[in-house]
Amino acid sequence: MPQDPPAELTEYSLSALLTPPASPVEPDDFDDFWGATFEEFGTGLVSWETTRELPPTATHRISEIRFRSAADEDAAAYVMLPHTLGSAPRGLVVGHGYGGRAAPDLDRVPDDTAAIFPVAPGTHAGTASRFPALPDEHVLAGIAHRDTYSHRFSAADIWRAATVLLEMVPAAAGALDFSGGSFGGGIGAMALPWDARFRRGVLDVPSFGDHDVRLTRKCTGSGEAVRQHLLRHPEDRPVLDYFDAAIAARRLRLPVHVTAAVQDPAVDPRGQFAVYHALTGPRRLSVRAAGHLPGEIGELSDRLALQAGIDFLALPDERLA
């Protein structure tokens, strides 16, 4: 007899995923917490310096920089600036999945766009950090208190990277977008509601959506480390409600495109769709056959999701009404 697939490979019914779930219960002071976090880390100047120039492309100059992280340590970022800036350039802040990044994603940046790729605290091999690099450790760092949790600083560094980019290219201030997937998608959902400088957002297979649901299922991603930790330390569970991407998404008023998968061993699809359902502003949904899967189907899903996000950010404003 054929065996049932493991829980993490469950392929969910699309009709079920498209049915809005009950909204997760949020802390009474959620807005106060994030408003104070933005006031502390998202306003004012951010110091930065270029550390090296990287080989350019036909359209962009590329450099690696260090900027001062919300964690009060140096953070790395990669910057792509067009060789020729038009009269109305676009700006793009790009998040990353767990595991960090060692280079920018060249195929994500259109010719007219200036982009910054911040690396979350602890996830860059070339910068010292109090946060561990391994995903299963990073996701637990500081989890005992909302003020010390690693995700707080990862979200705040999205704002700080935006400040650096807009200092480099002030003309992009009217067209600053965000794009992030997996870890970066969930962190982006947490960061975007509080920063009015952002015009649009793209969240691909966003993590950290609806913890009450995602913690009920085994997964191959960092969520499994959290699930196992909470079995031993249930007292830490309330902290996660301040870092729930679906709760944060209720505050999003800017246009957002979500790509969510019906099958994903690393990020529970029900949590991904919960982020989409929580959105209250203009929104678009693309459905992926799979997320975080190796092989041909996974690679095709990644390419289609990337192009859907690029197309969304390029749409004229009147197409988003």
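Here the structure is shown first, and the text comes after it.
Attention here is on the structure that accompanies the text. Just so we're clear, the structure is a prediction, and the values are computed from it rather than from any experiment.

1. What about the overall build of the chain?
- Each helix and strand counted, the chain has eleven helices and nine strands in total.
- The C-alpha atoms of the chain give a radius of gyration of 19 Å, which matches the 20 Å a tight globule of 321 residues would have.
- Dimensions of the chain, computed from the C-alpha atoms along their principal axes, are close to 60 × 40 × 35 Å.
- In the chain, which comprises 321 residues, the share counted as buried stands at 57%.
- Across the chain, the fraction of contacts at a sequence separation of at least 24, relative to all contacts at a separation of at least 6, is 70%.
- Carbon and sulfur atoms make up 55% of the accessible area of the chain, which totals about 13,500 Å².
- Counting 29 positive and 43 negative side-chain charges, the chain places the averaged centre of each group 2 Å from the other.

2. Brief notes about the packing of aromatic side chains
- Taken as a whole and assessed by the stated rule, the structure comprises 13 aromatic pairs.
- Note on Phe 33 and Tyr 242: the rings are 5.3 Å apart at their centroids and 65 degrees apart in plane angle, and the pair reads as edge-to-face. Separated by 209 residues along the polypeptide, Phe 33 in helix 2 (residues 30–41) and Tyr 242 in the loop between helix 8 (237–240) and helix 9 (245–249) bring together distant segments of the chain. Like Tyr 242, Phe 33 is buried.
- Here the aromatic cluster, defined as three or more aromatic residues joined through ring pairs, consists of Phe 30, Phe 33, Trp 34, Phe 38, Tyr 149, Trp 159, Trp 194, Tyr 242 and Phe 243.
- Looking at Arg 146, its charged tip hangs above the ring of Tyr 242, at a distance of 4.9 Å from the centre.
- Over the aromatic face of Tyr 276 sits the side chain of Arg 283, whose NZ or CZ is 4.3 Å from the ring centroid.

3. Digging into helix 10 (residues 269–278)
- Among the ten residues of helix 10, nine are classified as buried, and the element is accordingly described as predominantly covered.
- Those residues of helix 10 that fall on the buried side of the exposure criterion are Pro 269, Gly 271, Gln 272, Phe 273, Ala 274, Val 275, Tyr 276, His 277 and Ala 278.
- The elements touched by buried residues of helix 10 are helix 1 (14–17), strand 7 (198–204), helix 9, strand 8 (256–261) and strand 9 (283–288).

4. Observations concerning the pattern of salt bridges
- Evaluation of the coordinates by the stated rule reveals 25 salt bridges.
- The partner of Asp 31 in a salt bridge is Arg 251, and the shortest N-O contact between them spans 2.7 Å. Placement of Asp 31 in helix 2 and of Arg 251 in the loop between helix 9 and strand 8 is noted, with a sequence separation of 220 residues between them.
- Residue classification places Asp 31 among the partly exposed positions, given a relative accessible area of 38%.

5. A look at the sheet that holds strand 4 (residues 90–94)
- One open sheet accounts for nine strands, arranged 1-2-3-5-4-6-7-8-9; its pairing is mixed. Where the open sheet ends on each side, the last strands, each with one partner, are strand 1 (48–54) and strand 9. For this sheet the average axis-to-axis angle between neighbouring strands, irrespective of direction, equals 20 degrees.
- Sheet analysis places strand 7 next to strand 8, joined by four bridges and oriented parallel.

6. So, the packing of helix 2 against helix 4 (residues 150–168)
- The N-to-C vectors of helix 2 and helix 4 enclose an angle of 50 degrees; their axes lie 10 Å apart at closest approach. With respect to their mutual orientation, helix 2 and helix 4 come out oblique. Seen along the crossing, helix 2 lies across helix 4 with a hand that is right-handed. Every residue of helix 4 that contacts helix 2 at Phe 33, Trp 34, Thr 37, Phe 38, Glu 40 and Phe 41 is listed here: Arg 152, Phe 153, Ala 155, Ala 156, Trp 159 and Arg 160.
- Its residues placed into classes, the contact of helix 2 with helix 4 shows eight nonpolar, one polar and three charged.

Rules used throughout
Residues numbered from 1 in each chain as written. Predicted model: local features only at pLDDT ≥ 70, side-chain atom pairs only at ≥ 80, totals over all residues. Heavy atoms only, no water. Helix = DSSP H or I, 4+ residues; strand = E, 2+ residues; numbered from the N terminus. Rg over C-alpha atoms; globule rule 2.2 N^0.38 Å. Buried < 20%, exposed > 50% of the residue type's maximum accessible area, 1.4 Å probe, protein only. Contact = heavy atoms within 4.5 Å. Areas by Shrake-Rupley, 256 points an atom, 1.4 Å probe, with all protein chains shown as cover. Lys, Arg positive; Asp, Glu negative; His and termini not counted. Charge placed at Lys NZ, Arg CZ, Asp CG, Glu CD. Phe/Tyr/Trp six-rings, centres within 6.5 Å; stacked < 30°, edge-to-face > 60°. Lys NZ or Arg CZ within 6 Å of the ring centre and 35° of its normal. Salt bridge = Lys/Arg side-chain N within 4 Å of Asp/Glu carboxyl O. Pairing = 2+ DSSP bridges. Axes fitted to C-alpha atoms, helices over the stretch in contact; angles between N-to-C directions. Parallel < 35°, antiparallel > 145°, perpendicular 65-115°, else oblique. Left-handed = near helix turned anticlockwise from the far one by under 90°. Nonpolar A, V, L, I, M, F, W, Y, C, P; charged D, E, K, R; others polar.

By themselves, these figures tell us nothing about what the structure is for.
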